[in-house]
Amino acid sequence: MGIQVPSVESAEQAREIVQAAKYAPAGSRGGCRFVRASKYSSIERSEYFEQANRTLVIVQVEGLEGIENLEAILEVAGIDIVFIGPYDLSQSLGVTGEIDHPAVQEKMREVIAAASEKNIVVGTFVDTIENAVKWKETGIRYLSYSVDMGIFYEACRSIVSAVGGT
């Protein structure tokens, strides 16, 4: 359904990503249709290439350099979602791990505003329900919640705590 690429810092990188993800005329992806995505050629060729060019292109803007180049990145045709990496952004801003720090929050809001003006969907990573609700209310439409092992760990910790274990 799509490709998500981390650490995008320039419009040139974004263009290269779109080119690699799309078939001509939208890109320059290799034209082999004998791949798993085309069910090893069982999908009629014109249908496959049309479907494949609907692949979502998600660029992760995770650092100050990417945000400084955001306007140019957003001008690249073919980007569907801009994903903010809050932890990497916090590190880039010198407040490693402090994703609720005002500087991190301000930069995230800048990305949301700029992308929204261009009708580009914005996504981010959250690891608390409170942050999921907060960012959804600010206009983020693509939320990545925690990671599988983190969710599993929290569930196990809650169970152990509920039964009085350590």
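Above this note sits the structure.
On a predicted model such as this, the values are computed, not experimentally measured, just so you know.

A short note on the sheet that holds strand β4 (residues 121-126)
Spatially, five strands are ordered β1-β2-β3-β4-β5 in an open sheet, and the strand pairing comes out parallel. Each of the sheet's edge strands pairs with one partner strand only, and the pair in question is β1 (2-5) and β5 (142-145). The sheet shows a mean angle of 20° between the axes of neighbouring strands, taken without regard to direction. Where β1 lies against strand β2 (residues 56-61), four bridges are found, and the strand directions are parallel. Counted as the bridge partner of Q4 is I58 from β2.

Some remarks on the nonpolar core
Ranked by internal contacts, the top residues of the largest apolar core, which has 32 residues, are V8, V59, L70, L74, I79, V82 and I84. Of all the secondary-structure elements, those providing two or more residues to this core are α1 (11-21), β2, α4 (70-74), β3 (81-84), α6 (102-117), β4 and α7 (129-137). Among the elements that make up this core, the one with the highest residue count is α6 (six residues). Formed by five residues, the second largest nonpolar core is a distinct cluster that contains I58, I81, V121 and F125.

Some words on unusual backbone geometry
The omega torsion of the bond from A24 to P25 falls at 5°, within 30 degrees of zero and hence cis. Mapped onto the elements of the fold, P25 is located in the loop between α1 and α2 (45-52). The phi dihedral of K39 falls on the positive side, at around 55°, and the residue is not glycine. Inspection of the secondary structure puts K39 in the loop between α1 and α2. For Y40, which is not glycine, the phi dihedral falls at a positive 55°. Mapped onto the secondary structure, Y40 falls in the loop between α1 and α2. The exposure class of Y40 is exposed, given its relative accessible area of 53%.

Calculation criteria
Residues numbered from 1 in each chain as written. Predicted model: local features only at pLDDT ≥ 70, side-chain atom pairs only at ≥ 80, totals over all residues. Heavy atoms only, no water. Pairing = 2+ DSSP bridges. Helix = DSSP H or I, 4+ residues; strand = E, 2+ residues; numbered from the N terminus. Axes fitted to C-alpha atoms, helices over the stretch in contact; angles between N-to-C directions. Core = buried A, V, L, I, M, F, W, Y, C linked by side-chain atoms within 4.5 Å. Buried < 20%, exposed > 50% of the residue type's maximum accessible area, 1.4 Å probe, protein only.

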